[in-house]
Amino acid sequence: RWQPAREVSGDYYDVLRLSGQQLAVCIGDVVGKGMPAALLMSSLQAAVKAVATAGTDSMTVCSQVRSVVTSNLQGGTFVTFFFAIVDGASRQLTYTNCGHNQPVLVREDGTALRLSEGGPAFARLMRDLPYEQQVLTLDRGDRLVLFTDGVSEAEDGDGDQFGEDRLESLAVGHRGASASGLERILTEAVVEHADGELQDDLTLVVLAVD
């Protein structure tokens, strides 16, 4: 689900087929709004498509994408980014989190993991710091939820944020839903919390393992 708050957006997500058994799933957010953020996110999208190929790992992709993106950053602008490779044959998830909101991996038994391993956001001052990656085994019934801060920071009329804990609790409670069903449940909850008035872009990606 990609629901921009304005005509242009600084949010980005993509799903890329790397090979017959491998998918890349990614999400990102430019700190900023309007056309400058949208143009920067466009360069991020192009860089991801250029470097994400079969045989590459997540930390290498993030390092190479960062080298492209940081050359276009000005002032205190930065980009958060999460990139994962899903291998259908080995049922493994290899990911690197570059300062992004930590995705939620919900196991069939209701256990929830937050995917934090990686390194800093894309920023000029941190462009030489190394990235790491984490490998997790996926099991039947797992649900992976990726999101931007437009979801977790959506506010109600009193200024209370939707919050990541609420998102995680809903994902755990509705983990038996399909990917599209869980996405719809989460989106409706966020929009209802914000009384239908989203102040920031809302982006959700849900992966179901069957």
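Residues numbered from 1 in each chain as written. Predicted model: local features only at pLDDT ≥ 70, side-chain atom pairs only at ≥ 80, totals over all residues. Heavy atoms only, no water.

Novice: Where do I start with the overall build of the protein in this structure?
Specialist: Regarding its fold elements, the protein presents 5 helices and 11 strands. For 210 residues, the compact-globule estimate of 2.2 N^0.38 gives 17 Å, and the C-alpha radius of gyration of the protein, at 16 Å, lies within 12% of that figure. If one aligns the C-alpha atoms of the protein with their principal axes, the spans along those axes are about 40 × 40 × 25 Å. Excluding contacts between residues fewer than 6 apart, the proportion of contacts in the protein whose partners are at least 24 apart in sequence is 67%. Computing the positive centroid from 16 side-chain charges and the negative centroid from 30, the protein places the two 6 Å apart. (Helix = DSSP H or I, 4+ residues; strand = E, 2+ residues; numbered from the N terminus. Rg over C-alpha atoms; globule rule 2.2 N^0.38 Å. Contact = heavy atoms within 4.5 Å. Lys, Arg positive; Asp, Glu negative; His and termini not counted. Charge placed at Lys NZ, Arg CZ, Asp CG, Glu CD.)

Novice: Please explain a nonpolar patch on the surface as it appears in this structure.
Specialist: Nonpolar side chains collect at one region of the surface, where Leu125, Met126 and Leu129 lie side by side and expose about 330 Å² of accessible area between them. When you line up the elements, Leu129 lands in the loop between β8 (118-119) and β9 (134-137). We classify Leu129 as partly exposed; its relative accessible area is 42%. (Patch = residues over 30% accessible without salt bridge, like charges linked within 9 Å, V, L, I, M, F, W, Y side chains within 5 Å. Areas by Shrake-Rupley, 256 points an atom, 1.4 Å probe, with all protein chains shown as cover. Salt bridge = Lys/Arg side-chain N within 4 Å of Asp/Glu carboxyl O. Buried < 20%, exposed > 50% of the residue type's maximum accessible area, 1.4 Å probe, protein only.)

Novice: Looking at this structure, I do not really get the packing of aromatic side chains. What am I missing?
Specialist: Any aromatic ring pair is given by two values, namely how distant the centres are and how the planes are angled relative to each other. On inspection of all chains with the given rule, the structure shows 4 aromatic pairs. When the ring of Phe122 is compared with that of Tyr131, the centres are 6.4 Å apart and the planes differ by 70°; the resulting orientation is edge-to-face. With respect to class, Phe122 is no different from Tyr131; both count as buried. One aromatic cluster is present, formed by Phe81, Phe83, Phe122 and Tyr131 through successive ring pairs. If you follow Arg166 out to its NZ or CZ, it ends over the ring of Phe162, 5.2 Å from the centre. (Phe/Tyr/Trp six-rings, centres within 6.5 Å; stacked < 30°, edge-to-face > 60°. Lys NZ or Arg CZ within 6 Å of the ring centre and 35° of its normal.)

Novice: Help me understand the pairing of strand β2 (residues 11-17), please; the structure alone is not making it clear to me.
Specialist: One face of the sheet, then the other: side chains in a regular strand alternate in exactly this way. In terms of strand pairing, β2 meets strand β3 (residues 22-30) through 7 bridges, oriented antiparallel. Among the inter-strand pairings, Arg17 is bridged to a residue of β3, identified as Leu23. Where β2 folds back onto β3 in an antiparallel hairpin, the turn is made up of 4 residues. (Pairing = 2+ DSSP bridges.)

Novice: Before we go on, may I ask you to explain helix α2 (residues 58-69) in this structure?
Specialist: Count 3.6 residues to each turn of an α-helix, and residues three or four apart come out pointing the same way. The end-to-end C-alpha separation of α2 is 16 Å, in line with the 16 Å expected for 12 residues at 1.5 Å each. Among the residues of α2, Ser58, Val61, Cys62, Val65, Arg66 and Val69 are the ones counted as buried. Angular distribution of buried residues about the axis of α2 spans 130°; they occupy a single face of the element. (Expected span 1.5 Å × (residues − 1). Arc of directions from axis to C-beta.)

Novice: Please clarify how unusual backbone geometry should be interpreted in this entry.
Specialist: Excluding glycine, a negative phi dihedral is what most residues carry, and trans is how most peptide bonds are arranged. Positive phi, normally seen in glycine, also occurs at Arg91, with a value near 55°. Here Arg91 is to be found in the loop between β4 (79-87) and β5 (92-98). For Arg91, a relative accessible area of 31% translates into the label partly exposed.

Novice: Looking at this model, I keep getting lost on the side chain of Thr94. Mind explaining?
Specialist: Along the chain, Thr94 falls in strand β5. Take Thr94: its relative accessible area is 15%, and that puts it in the buried class. In contact with Thr94, other than residues within four places in its own chain, are Ser58, Phe83, Ala84, Ile85, Gln133, Gln134 and Val135.

Novice: Please explain the sheet that holds strand β6 (residues 104-106) as it appears in this structure.
Specialist: Sheet strands associate in pairs through backbone hydrogen bonding, adopting either a parallel or an antiparallel arrangement. What the 5 strands build is an open sheet, ordered β1-β11-β10-β6-β7; its pairing is antiparallel. Each having just a single partner strand, β1 (2-3) and β7 (112-114) make up the two edges of the open sheet. Pairing geometry for β6 and β7, over 3 bridges, is antiparallel. Of the residues in β7, the one forming a bridge with Val104 is Arg114. Taken strand by strand, helix α4 (residues 164-173) contacts β6, β7 and β10 (143-147), and its axis lies near 140° from that of β7. Across the sheet, helix α5 (residues 179-193) is in contact with β1, β10 and β11 (202-208); its angle to β11 comes to roughly 150°. (Axes fitted to C-alpha atoms, helices over the stretch in contact; angles between N-to-C directions.)

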